[in-house]
Amino acid sequence: MLRRLLVLFFLFSFSPKVLAIPFDQVPNPQSEAGRYVQDSGGVLSPDYENLIDNISVYLEGLTSAEMAVVTVDHLEHYEVKDYAQKLAERWGVGKKKAKNGLIILLSREDRKVAIQVGYGLEEIITDAASGQLLDQWAVPYLRENKNGRGLYELAKAPAQKVA
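Procedures and definitions
- Residues numbered from 1 in each chain as written.
- Predicted model: local features only at pLDDT ≥ 70, side-chain atom pairs only at ≥ 80, totals over all residues.
- Heavy atoms only, no water.
- Salt bridge = Lys/Arg side-chain N within 4 Å of Asp/Glu carboxyl O.
- Buried < 20%, exposed > 50% of the residue type's maximum accessible area, 1.4 Å probe, protein only.
- Helix = DSSP H or I, 4+ residues; strand = E, 2+ residues; numbered from the N terminus.
- Core = buried A, V, L, I, M, F, W, Y, C linked by side-chain atoms within 4.5 Å.
- Contact = heavy atoms within 4.5 Å.
- Expected span 1.5 Å × (residues − 1).

### Regarding the pattern of salt bridges
One pass over the full model with this rule turns up seven salt bridges. Residue glutamate 109 is joined to arginine 108 by a salt bridge in which the shortest nitrogen-to-oxygen separation is 3.1 Å. On the accessibility criterion, glutamate 109 (34% relative accessible area) is partly exposed. A salt bridge links glutamate 144 to lysine 146; the nearest nitrogen and oxygen atoms lie 3.2 Å apart.

### Focus on the environment of leucine 51
Within the element layout of this structure, leucine 51 appears in helix H4 (residues 46–63). Taking the C-alpha atoms as reference points, leucine 51 and tyrosine 152, separated by 101 residues in sequence, lie 7.1 Å from one another.

### Side note on the nonpolar core
Met67, Ile104 and Leu151 are the most contacted members of the largest nonpolar core, which totals 28 residues. For this core, the elements supplying multiple residues, two or more each, are H4, strand E2 (66–72), strand E3 (101–107), strand E4 (112–117), helix H6 (127–143) and helix H7 (147–162). Considering each element in turn, this core owes the most residues, seven residues, to H7. When near neighbours in sequence (up to four residues on either side) are disregarded, leucine 151 contacts Val43, Leu44, Ile52, Val69, Thr71, Ile104, Leu106 and Val113. With 16 residues, the next largest nonpolar core counts Val70, Val80, Ala84 and Leu87 among its residues.

### A short note on unusual backbone geometry
A positive phi angle is found at arginine 111, which is not glycine, with a value near 55°. Mapped onto the elements, arginine 111 comes out in the loop between E3 and E4. The phi dihedral of asparagine 145 is positive, around 60°, even though this residue is not glycine. In this structure, asparagine 145 sits in the loop between H6 and H7.

### Side note on H7
Over its 16 residues, H7 runs 23 Å from end to end, which matches the ideal 22 Å to within 8%, given 1.5 Å per residue. Of all 16 residues making up H7, 12 are buried, and the element is well covered by its neighbours. The set of residues buried in H7 consists of Asn147, Gly148, Gly150, Leu151, Tyr152, Glu153, Leu154, Ala155, Ala157, Pro158, Ala159 and Val162.

Taken by themselves, the reported measurements are silent on function.
Below, the structure is given as structure tokens:
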């Protein structure tokens, strides 16, 4: 009996699938807390959450573009950009007519990060530009497990391009 309990404990303690939240259950930070940051992956300190949220508020006030920054534990069976797109569509990131939403997604367990932009921002932040922003601002910090700093620097970069 004790052996079974230990086996179950280890299976549930270390299985990333147990931690996965389906994209349709990731809470929308805007509707739930009036914020732009959702840290379901538990990688951001409150200070970084506030800094990133302030960038998003500033960006929307200046341009009407909306930027959400999201962390999750696991991507389930999705590619990182597909997961980000599904979240953006579900939450309605960006103004509907302008299609000016931007979402940054980090999956902790999968060690993947992506920038997904709406059609209204694609001329400003192309796929190539997204890759460059990730390489320049996120990857160096994420490699050192400085997730908060990496996401903060990454959020600043597209905000500066859009503004």
